Amino acid sequence: MASSISETLTLTLPAGSPQDSNLDDHICSEQQEHQECQSSSADWPSRCLTGESRIERAWAHWKKLGQPKLIVAPMVDNSELPFRMLCRKYGAQAAYTPMLHSRIFSENEKYRSQEFTTCKEDRPLFVQFCANDPDTLLEAAQRVEPYCDYVDINLGCPQRIARRGNYGAFLMDNLPLVKSLVEKLALNLHVPVSCKIRVFPNLQDTINYARMLEDAGCSLLAVHGRTRDEKDGKKFRADWNAIKAVKNAVSIPVLANGDIRHMDDVQRCLEETGADGVLSAESLLENPALFAGFQTAEWALGGEEGNKDGELDQANLLVEYLKLCEKYPVPWRMIRSHVHKLLGEWFRIQPQVRDDLNSQSKLTFEFLYNMVDQLRELGVRIPLYTKDTPAGRTSNGIAT
């Protein structure tokens, strides 16, 4: 269960003052760098560290965070603070923010205040940016580094908007730029840099890519086991063998992403890839209690016997989410999206309720709570399922 919720933190931290070029400042800079080189390896800017020392520090940081295995993936408009907190209540051990646009984040205070909020219980936290300019990325990253455990670079978005904007997975065509983005953050931030990537069609290209990121200063690598062209997760299975190859090729922590639909998938993925944790995205949107061992009917009724009504359903989860949104305000477009994701199957049974929702140009919490009550009164309930805990496993299904 999540602990009590603190006041939301909005970010106004300045990005840092520009450096002067006079001799005195240059001398001071050299003295400061020398002092940093003599300091503990726990100090993050890595300009003074050897490759082996960077690896040791990457693992020390990961272990300090408790080596989380169950992680909420970054999702545009969907992994915002209220949803992260709901997932944390139901077993998530770390989470990513939605992808933030580094240039807009640096320039626009309204964008910063609306698109990124956090609280003291929202840790460990990855803040993810898309970028194609190292200086712009650094400016954005310096604004959030006091409030997170990693600054993450999105190198995996395969959507058309990423192609137009020249970011995400389309930077796979410009590896020198990717390297410069990672190096810029690794040499200047006081928190570690992580990267989220997709695989190349050729396995050796993927391995070389991962090693390049590690050498550039990446401290943690999340690997989505699909190529840039494999955008349909239901049509294309994630290549866990490619994730395993990356895990074997690098020395930093590696997270696996792709086809994590329930806790059986979590256990199997960890065993087959050797990854240090897993990310789930789309499946969490439908079932935020996934990491607590709950399954939707799609998987529970089509799998092993012994599944039972978990006395929890998506309407319960929606009400919890809405209460979190009242405490942590977010744009209504995000709330509307979660309503449709959570209650999609319910709306198929009572489509007139969905039509009423879609007809609302402006939503209110009162309307949404009444909508849930209406579904209940119409007799709609689709339970989430759990199964008996086998010997040798924890309640969330991870082997002990």
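The numbers attached to residues start from 1 for each chain and follow its sequence in the written order. A pLDDT threshold of at least 70 governs which residues receive local features in this predicted model, and a stricter bar of 80 or more applies before side-chain atom pairs are shown or counted, although totals over entire chains, interfaces and linings include all residues. Just so you know, side-chain values use all the structure's heavy atoms and leave hydrogens and water out.

Quick notes on the overall build of the protein chain
Stage number 1. A tally of regular secondary structure across the protein chain gives 17 helices and 11 strands.
Stage number 2. Buried, partly exposed and exposed residues are distinguished by accessible area as a fraction of the type maximum, computed with a 1.4 Å probe on protein chains only: under 20%, between the cut-offs, and over 50%, respectively. Out of the 400 residues in the protein chain, the part that is buried amounts to 53%.
Stage number 3. We call two residues in contact whenever any of their non-hydrogen atoms come within 4.5 Å of each other. Pairs at least 24 apart in sequence give 72% of the contacts found in the protein chain among residues at least 6 apart.
Stage number 4. Accessible surface area values rest on a Shrake-Rupley calculation with a 1.4 Å probe, where residue burial reflects the displayed protein chains alone. Approximately 18500 Å² of the protein chain is accessible, and the part contributed by carbon and sulfur atoms is 46%. Here a helix means four or more residues in a row that DSSP labels H or I, a strand means two or more in a row labelled E, and each is numbered from the N terminus.

Some words on the nonpolar core
Stage number 1. Leu213, Leu221 and Leu343 are the most contacted members of the largest nonpolar core, which has 119 residues in total.
Stage number 2. Counting residues domain by domain, this core receives three or more from each of domain 1 (51-292) and domain 2 (307-387).
Stage number 3. Those residues within four positions of Leu221 in sequence are excluded, and the remaining contacts are Cys195, Ile197, Ala210, Leu213, Val246, Ile252, Pro253, Val254 and Leu255.
Stage number 4. Of all hydrophobic cores here, the second largest spans six residues; its members include Met99, Ala162, Tyr167 and Phe170. Residues belong to one nonpolar core when they are buried, are Ala, Val, Leu, Ile, Met, Phe, Trp, Tyr or Cys, and are joined through side-chain atoms within 4.5 Å. For the purposes of this description, domain bounds are those given by an automatic or database domain assignment.

Some thoughts on the packing of aromatic side chains
Stage number 1. Here a pair means two rings of Phe, Tyr or Trp (six-membered ring of Trp) with centres within 6.5 Å. Their orientation is stacked below 30 degrees between planes, edge-to-face above 60, and tilted elsewhere. Enumeration over the complete set of coordinates arrives at seven aromatic pairs.
Stage number 2. Plain terms: the ring middles of Phe126 and Tyr150 are 4.7 Å apart, the flat faces sit at 10° to each other, and that makes the pair stacked. One end of the pair, Phe126, is in strand β4 (residues 125-130); the other, Tyr150, is in strand β5 (residues 150-155), with 24 residues separating them in the sequence.
Stage number 3. Its relative accessible area of 1% is what places Phe126 among the buried residues.
Stage number 4. One aromatic cluster in this structure is built from Trp62, Tyr96, Phe126 and Tyr150.

Structural notes on unusual backbone geometry
Stage number 1. Going from Arg123 to Pro124, the amide bond is cis rather than trans, its omega being -5°.
Stage number 2. As for its position among the elements, Pro124 is in the loop between α5 (109-115) and β4.
Stage number 3. Not every positive phi belongs to a glycine, and Asp259 is a case in point at roughly 65°.
Stage number 4. Note on placement: Asp259 falls in the loop between β8 (254-257) and α11 (263-273).
Stage number 5. Phi is positive for Glu311, close to 60°, though the residue is something other than glycine.
Stage number 6. You can see Glu311 is positioned in strand β10 (residues 307-313).

A closer look at the pattern of salt bridges
Stage number 1. For this document, the term salt bridge refers to a Lys or Arg side-chain nitrogen within 4 Å of an Asp or Glu carboxyl oxygen. In this structure the tally under the stated criterion is 22 salt bridges.
Stage number 2. Residue Arg228 pairs with Asp173 through a salt bridge whose shortest N-O separation is 3.2 Å. Here the residue Arg228 occupies a position in the loop between β7 (218-224) and α10 (240-249), and Asp173 occupies one in the loop between α7 (160-165) and α8 (175-186), the gap between them amounting to 55 residues.
Stage number 3. What makes Asp173 exposed here is its relative accessible area of 60%.
Stage number 4. With its nearest N and O atoms 3.4 Å apart, the salt bridge here joins Asp265 to Arg268. Within this pair, Asp265 and its partner Arg268 are both found in helix α11, separated by three residues, close to a single helical turn.

Some points on the environment of Leu81
Stage number 1. Tracing the chain through its elements places Leu81 in helix α3 (residues 81-89).
Stage number 2. Residue Leu81 is classed as buried on the basis of its relative accessible area, which comes to 1%.
Stage number 3. In this structure the C-alpha to C-alpha distance between Leu81 and Thr118, which are 37 residues apart in sequence, comes to 6.1 Å.

A word on the confidence of the model for the protein chain
Stage number 1. When pLDDT is averaged along the protein chain, the result is 87, and 82% of the positions lie at 70 or above.
Stage number 2. Within the model, pLDDT remains below 50 along residues 1-7, and this stretch shows 14 contacts once partners closer than five positions in the same chain are excluded.
Stage number 3. Counting contacts from residues 391-395, a segment whose pLDDT is below 50, to residues more than four positions away or on other chains yields 11 contacts. Confidence scores here are pLDDT values: one per residue, from the predictor, ranging 0 to 100.

Description of helix α15 (residues 332-349)
Stage number 1. Every helix has an expected span of 1.5 Å times one less than the residues it contains. In a regular helix each residue adds 1.5 Å, so 18 residues correspond to 26 Å; α15 covers 25 Å between its end C-alpha atoms and thus fits that length.
Stage number 2. Of all bends in α15, the biggest is about 70°, found at Leu343.
Stage number 3. All of the buried residues along α15 are Met334, Ile335, His338, Val339, Leu342, Leu343, Gly344, Trp346 and Phe347. One fitted axis covers the seven residues ending at a residue, a second covers the seven starting there, and the bend at that residue is the angle between these axes.

Quick notes on the packing of α3 against helix α14 (residues 314-327)
Stage number 1. In this analysis an axis means a line fitted to C-alpha atoms, helices contributing only their contacting stretch, and an angle means the value between N-to-C directions, from 0 to 180 degrees. Between α3 and α14, the shortest axis-to-axis distance is 9 Å and the interhelical angle comes to 130°. Our classification of the angle between α3 and α14 gives oblique. As for how α3 packs across α14, the hand of that crossing is right-handed. Here α3 contributes Pro82, Phe83, Met85, Leu86 and Lys89 to the contact with α14, which in turn contributes Leu317, Glu320, Tyr321, Leu324 and Cys325. We call two directions roughly parallel when the angle between them is under 35 degrees, roughly antiparallel when it is over 145, roughly perpendicular when it lies between 65 and 115, and oblique otherwise. For any helix crossing, the convention is left-handed if the near helix is rotated counterclockwise from the far helix by under a right angle, and right-handed if that rotation is clockwise.

Some remarks on α14
Stage number 1. End to end, α14 covers 20 Å across 14 residues, agreeing with the expected 20 Å (1.5 Å per residue, within 8%).
Stage number 2. Of all the residues in α14, the buried ones are Gln314, Ala315, Leu317, Leu318, Glu320, Tyr321, Leu322, Leu324 and Cys325.
Stage number 3. On its buried face, α14 is in contact with α3, α12 (282-286), β10, α15, α17 (365-377) and β11 (383-387).
Stage number 4. A 3.5 Å cut-off defines polar contacts: any pair of N or O atoms within that distance qualifies, except that in protein one atom must be a possible hydrogen donor and the other a possible acceptor, and neighbouring residues in sequence count only when both atoms are side-chain atoms. Put simply, Asp313 is the residue that caps the front of α14, since its side-chain oxygen is 3.0 Å from the backbone nitrogen of Ala315.

What about a positive patch on the surface?
Stage number 1. Judged by side-chain charge, Arg160, Arg163, Arg164 and Lys231 come together as a positively charged surface patch.
Stage number 2. Here Arg163 is to be found in helix α7. Patches here: salt-bridge-free residues with over 30% relative accessible area, like charges joined within 9 Å, nonpolar side chains (Val, Leu, Ile, Met, Phe, Trp, Tyr) joined within 5 Å. Counting rule for charge: Lys and Arg are taken as positive, Asp and Glu as negative, and neither His nor the chain ends is counted. Note that the charge is assigned to NZ on lysines, CZ on arginines, CG on aspartates and CD on glutamates.

Digging into the packing of α8 against helix α9 (residues 203-216)
Stage number 1. With their axes 8 Å apart at the nearest point, α8 and α9 run at an angle of 30° to one another. Considering their axes alone, α8 and α9 lie roughly parallel with respect to each other. Viewed along their axes, α8 and α9 form a crossing whose handedness is right-handed. Note on element contacts: α9 touches α8 through Tyr209, Met212, Leu213 and Ala216, opposite Leu175, Val178, Lys179, Val182, Glu183 and Ala186.
Stage number 2. Here the term charged refers only to Asp, Glu, Lys and Arg, the term nonpolar to Ala, Val, Leu, Ile, Met, Phe, Trp, Tyr, Cys and Pro, and the term polar to all other amino acids, Gly among them. Of the residues belonging to the contact of α8 with α9, the class tally is eight nonpolar, no polar and two charged.

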